[in-house]
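# Architecture at a glance
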Amino acid sequence: MRAAEGGPMGSEQAGAGRQAGAGAQAGAGAQAGAGMQAGPGSEAGPGVADAIALKVALASEHHLEGVPKIELARRHGLSRFQVARLLDEARAEGIVRIEVVDPTAAGRDLSPLAERLGISSVTVAVARPGEAPRAAIARQVAGLLLRHLREGGRVGVAWSRTLMHLPAALDALPVADIVQLVGPVSTAGHSTAQSSALVHELGARSGGQVWALPTPLIVDSPQVAASLRSMEEVRTALDAADGLDVATVSVGAWADGASTLWSRLRPAEQQRALDAGIVAEICGILLGESGAVWHSAVEDRVIGVRPDQLRRARVIAAIPAVGHPEAVLAAARSGLVDDIVLAPELAEQVEALLG
């Protein structure tokens with residue numbers, strides 16, 4: 001990233017502007033140049049107002065008009081060293097202010113696509129040099145979270161290989177309660193301990209209450225799931241999701257390696273879901289192409305947030321599933337998500353699928 005001089009993306013503002021600069025040019029001259037060595041506030045130099053006007057003029061001509069320092073010296077009867085010193089002083093005194101704007105910081109807003117999908121926003125996460133695509137998505141999710149989370153609010157958090165980057169993208173959080181939306185999961189290269197650590201790390205930053213969910217995402221039978229849900233610690237964590245203000249989730253495509261739930265099902269169950277037209281998964285909730293929730297025996301074995309709880313919250317969805325635009329459409333149509341953050345390639349694939 002670099003600071004652009006002039007223009008909306010990064011401007012050096014030269015304080016009082018061009019009119020003051022033009023007026024200063026007439027009075028600067030050789031006499032002012034000769035006296036500047038003694039300093040703006042000395043008896044030998046110009047008065048304070050004249051010194052400021054000269055700095056404004058030099059800054060305006062140099063930063064806004066691109067006049068080289070050697071030409072400024074000739075125009076104003078100064079040495080190059082005096083010009084350099086006065087420009088440095090203009091910076092130090094706030095006459096010149098430099099603003100650096102990172103064009104990737106806010107992401108690229110795709111309002112027309114959001115309108116077609118029927119959701120609040122679609123943000124394209126452009127990765128910075130050396131930044132992983134998942135980390136770039138998490139950075140934009142963090143920005144949306146800070147925008148919508150109020151002081152004293154309640155935020156739900158689901159772990160994923162994308163959302164694990166959230167803490168690094170959040171400098172601070174307002175005081176808020178943190179609710180774990182699904183139990184610990186493990187993926188290749190990531191342990192269940194890392195999954196549990198996310199909610200506690202965010203809780204430590206927010207300073208609010210933490211409702212951790214100490215159960216697996218999915219268990220072997222509906223009976224085991226029902227037994228675990230009846231435990232007080234689990235029940236209170238699940239009930240805490242009733243009062244969510246904001247939630248961050250990850251949308252996975254229904255394919256090997258694209259969903260945390262996929263590998264926890266038997267091959268016959270994976271195929272049964274495919275045959276039923278399942279294309280996406282959110283917090284263990286399986287979705288068809290139309291966005292409808294698939295009610296099956298799998299649902300009875302999952303321990304986590306319910307669809308009705310998500311629909312009452314402002315849900316920010318990270319979708320890293322490049323190559324699976326159908327998952328984006330299903331998530332948008334489900335009514336479970338309000339804001340979607342995705343990679344540029346996936347945004348293009350979604351637009352192509354919509355035609």
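Residues numbered from 1 in each chain as written. Predicted model: local features only at pLDDT ≥ 70, side-chain atom pairs only at ≥ 80, totals over all residues. Heavy atoms only, no water.

## Some words on the overall build of the protein chain
- Along its length, the protein chain carries 15 helices and 12 strands.
- Across the 355 residues of the protein chain, 49% fall into the buried class.
- For the protein chain, restricting intrachain contacts to residue pairs at least 6 apart in sequence, the fraction spanning at least 24 positions comes to 70%.
- Carbon and sulfur atoms make up 52% of the accessible area of the protein chain, which totals about 16,100 Å². (Helix = DSSP H or I, 4+ residues; strand = E, 2+ residues; numbered from the N terminus. Buried < 20%, exposed > 50% of the residue type's maximum accessible area, 1.4 Å probe, protein only. Contact = heavy atoms within 4.5 Å. Areas by Shrake-Rupley, 256 points an atom, 1.4 Å probe, with all protein chains shown as cover.)

## Examining the side chain of Gln 309
- Residue position: Gln 309 is located in helix H13 (residues 307-311).
- Side chain to side chain, Gln 309 and Asp 242 meet in a polar contact 2.9 Å long.
- Every residue in contact with Gln 309, bar those within four places of it in the chain, is listed here: Leu 238, Ala 241 and Asp 242. (Polar contact = N/O pair within 3.5 Å; in protein donor to acceptor, adjacent residues only side chain to side chain.)

## Notes on unusual backbone geometry
- At Cys 283, a position not held by glycine, the phi torsion is positive, near 55°.
- Within the secondary structure layout, Cys 283 lies in the loop between strand E9 (278-282) and strand E10 (285-288).
- According to the relative accessible area criterion, Cys 283 is buried, its value standing at 6%.

## Some remarks on the pairing of strand E6 (residues 176-180)
- Taken across its five residues, E6 has five buried, putting it largely inside the fold.
- Burial along E6 is two-sided: Ala 176, Ile 178 and Gln 180 facing one way and Asp 177 and Val 179 facing the other are all buried.
- Looking at chain direction, strand E5 (residues 153-157) and E6 are connected through five bridges and run parallel. From the neighbouring strand, Gly 156 faces E6, where its bridge partner is Val 179.
- Examined bridge by bridge, E6 and strand E7 (residues 210-211) share two bridges and lie parallel to one another. (Pairing = 2+ DSSP bridges.)

## Concerning the environment of Ala 135
- Along the polypeptide, Ala 135 turns up in helix H6 (residues 133-148).
- For the pair Ala 135 and Leu 163, spaced 28 residues apart in sequence, the C-alpha separation works out to 8.1 Å.

## A word on the pattern of salt bridges
- Under the defined criterion, the tally for this structure stands at 16 salt bridges.
- Asp 242 is the salt-bridge partner of Arg 306, the closest N and O atoms lying 3.5 Å from each other. A residue pair is termed long-range when its members are at least 10 positions apart, and Arg 306 in the loop between helix H12 (297-301) and H13 and Asp 242 in the loop between helix H10 (232-240) and strand E8 (246-253) qualify at 64 residues.
- With relative accessibility at 36%, the residue Asp 242 sits in the partly exposed group.
- Asp 242 is paired through a salt bridge with Arg 312; the nearest N and O atoms lie 3.2 Å apart. Taken together, the residues span a long stretch of sequence, with Asp 242 in the loop between H10 and E8 and Arg 312 in the loop between H13 and strand E11 (314-319) at a distance of 70 residues. (Salt bridge = Lys/Arg side-chain N within 4 Å of Asp/Glu carboxyl O.)

## Re the nonpolar core
- In this structure, Ile 282 and Leu 310 are the most contacted members of the largest nonpolar core, which totals 65 residues.
- Looking at this core element by element, the count peaks at six residues for helix H14 (residues 325-334).
- If you look at the next biggest cluster of nonpolar residues, it comprises 24 residues, including Ile 178, Leu 198, Val 199 and Ala 318. (Core = buried A, V, L, I, M, F, W, Y, C linked by side-chain atoms within 4.5 Å.)

## Some thoughts on the packing of H14 against helix H15 (residues 344-354)
- The geometry of H14 relative to H15 is characterised by a closest axis approach of 8 Å and an angle of 75° between their N-to-C directions. As the angle between them shows, H14 and H15 are arranged roughly perpendicular. Facing H14, whose interface residues are Pro 325, Glu 326, Val 328 and Leu 329, H15 presents Leu 346, Gln 349, Val 350, Leu 353 and Leu 354. (Axes fitted to C-alpha atoms, helices over the stretch in contact; angles between N-to-C directions. Parallel < 35°, antiparallel > 145°, perpendicular 65-115°, else oblique.)

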